[in-house]
Amino acid sequence: EADIYQTPRYLVIGTGKKITLECSQTMGHDKMYWYQQDPGMELHLIHYSYGVNSTEKGDLSSESTVSRIRTEHFPLTLESARPSHTSQYLCASSEYKGAQETQYFGPGTRLLVL
Amino acid sequence: AQSVAQPEDQVNVAEGNPLTVKCTYSVSGNPYLFWYVQYPNRGLQFLLKYITGDNLVKGSYGFEAEFNKSQTSFHLKKPSALVSDSALYFCAVRDKGYSTLTFGKGTMLLVSP
């Protein structure tokens, strides 16, 4: 498996709380991604980054924000969590090789907002 | 635009039998195609990819996929299924001009003993 880590693995939190989901990779990959996935369902890209100081919005509109200050670290923040944010969040990274690049995924963070 | 379709929500197969999980795609240029597998409460694991060349691509855990340009398909296959192959399988495509992958909705594979 790829060396990409996500913490926490599981999080239960109340409405209105600010949360940060951590993602880090030790492969030196330039590109990193955040996906949202309801259990057993398709993936939706919410953010991605080409490298340090680069962030882009994905296909699915999201109230979350991301930052990329270091190559290995790509945290996702929800300023005010709501029950509609309950989902699984998957982080991925890839070495930039154009269209043939392969994405490698972390284990995911399962978020429950009460 | 790029898109991918997995027409089956679920595939059932008996252990030892061959399995096929279907995937069709739509791109404007040459496709780059990927298969991933997801086990319960886990992230996605890369299985194999087609970039160019031989239409039959071999990947991890005995899986292979056949690229068919005329049918715009990239079906995942395995000659003999194992119960441990039961998981959610995702096909993904990237067109040459795109910076991101588009994933299919996933197909649940259930292998019975």
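Residues numbered from 1 in each chain as written. Chains lettered and ligands numbered in written order. Predicted model: local features only at pLDDT ≥ 70, side-chain atom pairs only at ≥ 80, totals over all residues. Heavy atoms only, no water.

Together, A:Val12, A:Leu112 and A:Leu114 make up a nonpolar patch on the protein surface, roughly 290 Å² of accessible area in all. Its place among the elements puts A:Leu114 in the segment after strand S11 (109–113). (Patch = residues over 30% accessible without salt bridge, like charges linked within 9 Å, V, L, I, M, F, W, Y side chains within 5 Å. Areas by Shrake-Rupley, 256 points an atom, 1.4 Å probe, with all protein chains shown as cover. Salt bridge = Lys/Arg side-chain N within 4 Å of Asp/Glu carboxyl O. Helix = DSSP H or I, 4+ residues; strand = E, 2+ residues; numbered from the N terminus.)

Below, the discussion takes up the nonpolar core. Residue and element names in this part refer to chain B. Trp35, Leu47, Leu48, Phe74, Leu76 and Tyr89 are the most contacted members of the largest nonpolar core, which totals 28 residues. Broken down by secondary-structure element, the contributors of at least two residues to this core are strand S2 (10–14), strand S3 (19–21), strand S5 (31–38), strand S6 (44–50), strand S8 (64–68), strand S9 (73–78), strand S10 (87–95) and strand S12 (107–112). For this core, the element with the highest residue contribution is S10, accounting for 4 residues. (Core = buried A, V, L, I, M, F, W, Y, C linked by side-chain atoms within 4.5 Å. Buried < 20%, exposed > 50% of the residue type's maximum accessible area, 1.4 Å probe, protein only.)

Quick look at the interface of chain B and chain A now. Taken residue by residue, the interface counts 23 residues in chain B and 27 residues in chain A. When chain B packs against chain A, close to 1,900 Å² is buried across both sides, 50% of that on carbon and sulfur atoms. A:Glu101 is paired through a salt bridge with B:Arg94; the nearest N and O atoms lie 3.8 Å apart. Between the two partners, chain B and chain A, sit 7 residue pairs in polar contact (both at pLDDT 80 or more). If you list the elements that add at least two residues to the side of chain B that touches chain A, you get S5, S6 and S10 of chain B. For the side of chain B that touches chain A, the class distribution of residues is 10 nonpolar, 7 polar and 6 charged. (Contact = heavy atoms within 4.5 Å. Buried area = accessible area lost by both parts, 1.4 Å probe. Polar contact = N/O pair within 3.5 Å; in protein donor to acceptor, adjacent residues only side chain to side chain. Nonpolar A, V, L, I, M, F, W, Y, C, P; charged D, E, K, R; others polar.)

The amide bond that connects A:Thr7 to the next residue, A:Pro8, takes the cis arrangement and shows omega of -10°. Within the secondary structure, A:Pro8 is located in the loop between strand S1 (4–7) and strand S2 (10–13). With phi around 60°, B:Asn41 is a residue other than glycine that occupies positive phi space. When you line up the elements, B:Asn41 lands in the loop between S5 and S6. Here B:Asn41 falls in the partly exposed class, since its relative accessible area comes to 41%.

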